[in-house]
Amino acid sequence: VAPKGGELQLRYRLKPAHNVYELVTVLPDSYPVIAPTTRVLTKLEPCPHLLYQQTLCLWKQASRVADSRWDPARFTAVFAIQAAWRWLACYEIWVVEKTWPIPEAR
């Protein structure tokens, strides 16, 4: 855990199946109203749901908080880490099958 400006950065490793991945989840100064962002520091293949600088697409982002899938009344940084673990598990399936194993966010 390291403070950076008004943010808090959580660095950790996850092993959803076969591989170990290094990640950083950033809690913005407006957290929990605004969702944390998670990037994988370990090099990944380009794939669905992988955004700029290997940021994970974990939930629908919206211009209005009410339209976002992130719910600050229900979710915490722990939820964000669990979502990253699930994303990485899907990624490992995608590497083999070339099909994303869960429905896309709408």
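The sections below set out a description of the structure shown in this document. Here the residue numbering is sequential within each chain, running from 1 through the sequence in written order. Totals for whole chains, interfaces and linings use all residues, but because this is a predicted model, local features are given only for residues with pLDDT of at least 70 and pairs of side-chain atoms are given and counted only at 80 or more. The basis for every side-chain value is the complete set of heavy atoms in the structure, and neither hydrogens nor water enter the calculation.

1. Comments concerning the pattern of salt bridges
Two side chains that carry opposite charge are able to pair once their charged atoms sit near each other. Our working rule: Take a side-chain nitrogen of Lys or Arg and a carboxyl oxygen of Asp or Glu: if they are within 4 Å of each other, that pair is a salt bridge. Note on conventions: DSSP H or I runs of at least 4 residues are helices, E runs of at least 2 residues are strands, and numbering of each starts at the N terminus. For each residue, the accessible area found with a 1.4 Å probe, counting protein chains only, is set against the maximum for its type, and the residue is called buried under 20%, exposed over 50%, and partly exposed in between.
Throughout the structure, instances matching the rule amount to two salt bridges. Notably, a salt bridge pairs Glu45 with Lys98, separated by 3.3 Å at the nearest N-O pair. Taken as a pair, Glu45 in the loop between strand E4 (37–40) and helix H1 (77–97) and Lys98 in the segment after H1 lie far apart in primary sequence, 53 residues in all. Looking at Glu45, the relative accessible area reads 36%, which means it is partly exposed. With a closest N to O distance of 4.0 Å, Arg74 and Asp71 form a salt bridge. Given a relative accessible area of 61%, Arg74 falls into the exposed group.

2. Looking at the layout of surface pockets
The method is simple in principle: a probe with the dimensions of a water molecule rolls over the atoms, and the space it marks as empty is what remains. Test applied: Grid points spaced at 1 Å and placed over the protein atoms alone form the basis of the search, with a cavity being a set where a 1.4 Å probe fits but cannot get out and a pocket an open set showing protein on both sides within 12 Å along at least five of seven lines. Lining residues have an atom within 4 Å of a point. Grid points are joined across faces, edges and corners, and a volume is the space filled by probe spheres set on the points. Each residue gets one label: Ala, Val, Leu, Ile, Met, Phe, Trp, Tyr, Cys and Pro are nonpolar, Asp, Glu, Lys and Arg are charged, and the others, such as Gly, are polar.
If you add up the space inside the largest pocket, you get close to 410 Å³. For the lining of the largest pocket, a count of residues per class yields twelve nonpolar, two polar and three charged.

3. Side note on unusual backbone geometry
A cis amide bond, omega 10°, links Tyr31 with the succeeding residue Pro32. Its location among the elements puts Pro32 in the loop between strand E3 (21–27) and E4. Backbone geometry places Gln53, a non-glycine residue, at a positive phi of 60°. In this fold, Gln53 is placed in the loop between E4 and H1. For Lys98, which is not glycine, the phi dihedral falls at a positive 60°. For Lys98, a relative accessible area of 47% translates into the label partly exposed.

4. Focus: the sheet that holds E4
Filter applied, for reference: A strand pair is defined by DSSP finding two or more bridges across the two strands. What counts as an axis is a line fitted to C-alpha atoms, over the stretch in contact for a helix, and the angles between N-to-C directions run from 0 to 180 degrees.
The sheet built from four strands is open, its strands ordered E1-E2-E3-E4 with antiparallel pairing. The outermost strands of the open sheet, each flanked by one partner alone, are strand E1 (2–4) and E4. When strand polarity is set aside, the average angle formed by the axes of neighbouring strands in this sheet is 30°. Examined bridge by bridge, strand E2 (residues 7–14) and E3 share seven bridges and lie antiparallel to one another. Each bridged residue has a counterpart across the sheet, and for Gln9 the counterpart in E3 is Val26.

5. What to know about the nonpolar core
The nonpolar side chains of soluble globular proteins are, as a tendency, buried together. The criterion, for reference: Think of a nonpolar core as a cluster: buried Ala, Val, Leu, Ile, Met, Phe, Trp, Tyr and Cys residues, connected wherever their side-chain atoms sit within 4.5 Å. Note on contacts: a residue pair is in contact if any heavy atoms of the two residues lie within 4.5 Å.
If you look at the biggest cluster of nonpolar residues, it comprises 26 residues, and the most contacted ones within it are Leu23, Leu56, Trp87 and Tyr91. Of all elements in the fold, only E2, E3 and H1 reach the threshold of two or more residues within this core. Here this core takes nine residues from H1, the largest share from any one element. Not counting chain neighbours up to four residues away, the residues in contact with Leu56 comprise Leu23, Thr38, Val40, His49, Leu50, Leu51, Ala84 and Trp87.

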